[in-house]
Amino acid sequence: MIGKYAKMDMWLFGAALLLLGLGIVLVYSSSFAVAQKNFGGADFFLSRQVVRALLAVGCFMIFINVDYHFWGKYSGILFIIAMILLVYVFFLPDSHAIKGAKRWITIGSIRFQASDFGRMALVLLLAKKCSEPGANFDNWRSLIPHYVRIGIICGLVILGPDFSTSIIIALTAFAILFMSGAKVAHLVGTAALMIPFAVLMVLIKPYRMLRVISFMNLSEHSSGIGYQVTQSLIGLGRGGMFGMGLGRGEQKYFYLPEPHTDFILSILGEEFGFLGIMIVFAIFAFVIYRGMRIALNAPDRMGQLIAFGFTMVIALYALVHSSVTTGLVPPTGIPMPFLSYGGMSLIFTMSSMGILLNISSQTKEGSMPIFTGGRSRKS
């Protein structure tokens, strides 16, 4: 056991816990005004985030100590469970809907999005299937089974409805296929064929169309989506280089909707300034670097693809959240990994980090990368 921990990537271990701790601080700073007004206590969100963070650390340690091959072995069962959960939410009563969407499953005091479980299961299953002996990607036909798996999860997530999360899941899955040897032309061709479908998904839902229109006309910010982004940018501008100080930001006082979830980066920028954001970005970049390093040096192909997939998830979520906060893409409810308020999302994130660290503990000295990078790998 001691030897196992000695080989584990302690730098990633420390960075994950550092971001987790910073997230608790930011959640309290960004939420106490909303908590005091709506729930009668400034620590309403803080107390829940602390409990969930402790649960996340517990899952983190469990996943560190479970051989990642176990998750690969049972990835098919996990995928089936994910499908059942994603279908189950459609049959929940309307009282379970939040802002018109049925994405959450409630078990006692715990509420989680089925898409979080679906994303994790899909990464594990794709890594398992793409690493099997004889797996190749020489033609379109070889990709069809993987497309079916991706389509099932993404389709059910879209029906949630959760269009933005489905896009992140699809991008992660396509990245895994590319690193497994799928040809760029095949993947790009498939993505091009999906563009009309994506446009249709925007057109048939008025609120999605409103987000796009508001994004294109941020100057019309008297209400709605444009208002949210404008207030986020105001918060970032107020922070300047060094910020207004922890707890001294003003945007959380009901100017910025969902300051503790969808726009927590704006609170970070307002209170810690540009310098604070750059430090946090540097930590995220370090986590992504260590994750990719683990992937490159994993003892087998499945470990590489799992590590790559989970690292891509962190990178894409951080990128999209940051882009929304700074007005680079239309607003969507994508949380910032580790930092945004949200219990099960945090638990799934820390669990994936635990699997990464388990892979790192099994890295062999002198192991050679076996990623194929868009070329079919001959076993």
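Because the structure is a prediction, the values reported are computed rather than measured.

### Re the pattern of salt bridges
Under the criterion given, the structure shown has six salt bridges. Note that Lys128 and Glu132 form a salt bridge whose closest N and O atoms lie 3.3 Å from each other. For Lys128, a relative accessible area of 25% corresponds to the partly exposed category.

### Some remarks on the environment of Val87
Structurally, Val87 is set in helix 5 (residues 75–88). Between the alpha carbons of Val87 and Leu159 there is a distance of 9.3 Å; along the sequence they are 72 residues apart.

### A few points about the side chain of Ser232
Locating Ser232 in the fold gives a position in helix 11 (residues 224–239). By relative accessible area, Ser232 is classed as buried at 0%. Residue contacts for Ser232: discarding those within four places in its chain leaves Leu256, Phe263, Ser266 and Thr325.

### As for a nonpolar patch on the surface
Taken together, the side chains of Met241, Phe242, Phe274, Leu275, Met278 and Ile279 define a hydrophobic patch exposed on the protein surface, amounting to about 610 Å² of accessible area. By relative accessible area, Ile279 is classed as partly exposed at 47%.

### Some thoughts on the side chain of His321
Its place among the elements puts His321 in helix 13 (residues 301–325). A polar contact is formed between the side chain of His321 and the backbone oxygen of Ile334, at a distance of 2.8 Å. Dropping the residues within four chain positions of it, His321 is found in contact with Thr261, Asp262, Phe263, Ile264, Leu265, Ile334, Pro335, Met336 and Ser340.

### Here's the deal with the packing of aromatic side chains
Per the counting criterion, the structure on display carries 14 aromatic pairs. With a centroid separation of 4.8 Å and 15 degrees between ring planes, the pair formed by Phe63 and Trp71 is classed as stacked. Residues Phe63 and Trp71 agree in their burial class; the two are buried. On the basis of an interplanar angle of 50 degrees and a centroid distance of 4.9 Å, the ring pair of Phe70 and Tyr74 is categorised as tilted. With relative accessibility at 40%, the residue Phe70 sits in the partly exposed group. Of the aromatic side chains, those joined through ring pairs into one cluster are Phe39, Phe44, Phe45 and Tyr341. When the ring centre of Phe254 is taken as reference, the NZ or CZ atom of Lys37 above it lies at 4.7 Å. Looking at Arg48, its charged tip hangs above the ring of Phe44, at a distance of 3.7 Å from the centre.

### Side note on the layout of surface pockets
The calculated volume of the second largest pocket comes to roughly 520 Å³. Cys154, Ser166, Ala170, Phe174 and Met194 are the residues nearest the centre of the second largest pocket, which is lined by 17 residues in total. Sorting the residues of the lining of the second largest pocket by element identifies helix 7 (140–158), helix 8 (163–180) and helix 9 (184–203) as the ones contributing at least two each. A per-class count over the lining of the second largest pocket returns 13 nonpolar, four polar and no charged.

### Brief notes about the packing of helix 2 (residues 10–39) against helix 3 (residues 44–64)
For the pair helix 2 and helix 3, interaxial distance at closest approach is 7 Å and the crossing angle is 155 degrees. Taken as axis vectors, helix 2 and helix 3 run roughly antiparallel relative to one another. Between helix 2 and helix 3 lies a crossing of right-handed hand. Two secondary-structure elements touch here, helix 2 through Phe13, Ala16, Leu17, Leu20, Ile24, Val27, Tyr28, Ser31, Val34, Ala35 and Phe39 and helix 3 through Phe44, Phe45, Leu46, Gln49, Val50, Ala53, Val57, Phe60, Met61 and Ile64.

### Considering the confidence of the model for the chain
Of all residues in the chain, 87% have pLDDT values of 70 or greater, and the mean over the chain is 86. Looking at the elements of the chain, mean pLDDT is at its lowest for helix 1 (residues 2–7), recorded as 58, and at its highest for helix 12 (residues 264–296), recorded as 96.

### Overview of helix 3
The terminal C-alpha atoms of helix 3, which comprises 21 residues, lie 31 Å apart, in line with the 30 Å expected from a rise of 1.5 Å per residue. Every buried residue of helix 3 is accounted for by Phe44, Phe45, Gln49, Ala53, Ala56, Phe60, Phe63 and Ile64. One face of helix 3 carries all of its buried residues, which in axial projection span an arc of 130 degrees. Facing away from the buried side of helix 3 by over 90 degrees, the exposed positions are Leu54 and Ile62.

Definitions and limits used
Residues numbered from 1 in each chain as written. Predicted model: local features only at pLDDT ≥ 70, side-chain atom pairs only at ≥ 80, totals over all residues. Heavy atoms only, no water. Salt bridge = Lys/Arg side-chain N within 4 Å of Asp/Glu carboxyl O. Buried < 20%, exposed > 50% of the residue type's maximum accessible area, 1.4 Å probe, protein only. Helix = DSSP H or I, 4+ residues; strand = E, 2+ residues; numbered from the N terminus. Contact = heavy atoms within 4.5 Å. Patch = residues over 30% accessible without salt bridge, like charges linked within 9 Å, V, L, I, M, F, W, Y side chains within 5 Å. Areas by Shrake-Rupley, 256 points an atom, 1.4 Å probe, with all protein chains shown as cover. Polar contact = N/O pair within 3.5 Å; in protein donor to acceptor, adjacent residues only side chain to side chain. Phe/Tyr/Trp six-rings, centres within 6.5 Å; stacked < 30°, edge-to-face > 60°. Lys NZ or Arg CZ within 6 Å of the ring centre and 35° of its normal. 1 Å grid on protein atoms, 1.4 Å probe; cavity = no way out; pocket = protein on both sides within 12 Å on 5 of 7 lines; lining within 4 Å. Points joined across faces, edges and corners; volume = space filled by probe spheres on them. Nonpolar A, V, L, I, M, F, W, Y, C, P; charged D, E, K, R; others polar. Axes fitted to C-alpha atoms, helices over the stretch in contact; angles between N-to-C directions. Parallel < 35°, antiparallel > 145°, perpendicular 65-115°, else oblique. Left-handed = near helix turned anticlockwise from the far one by under 90°. pLDDT = per-residue confidence, 0-100. Expected span 1.5 Å × (residues − 1). Arc of directions from axis to C-beta.

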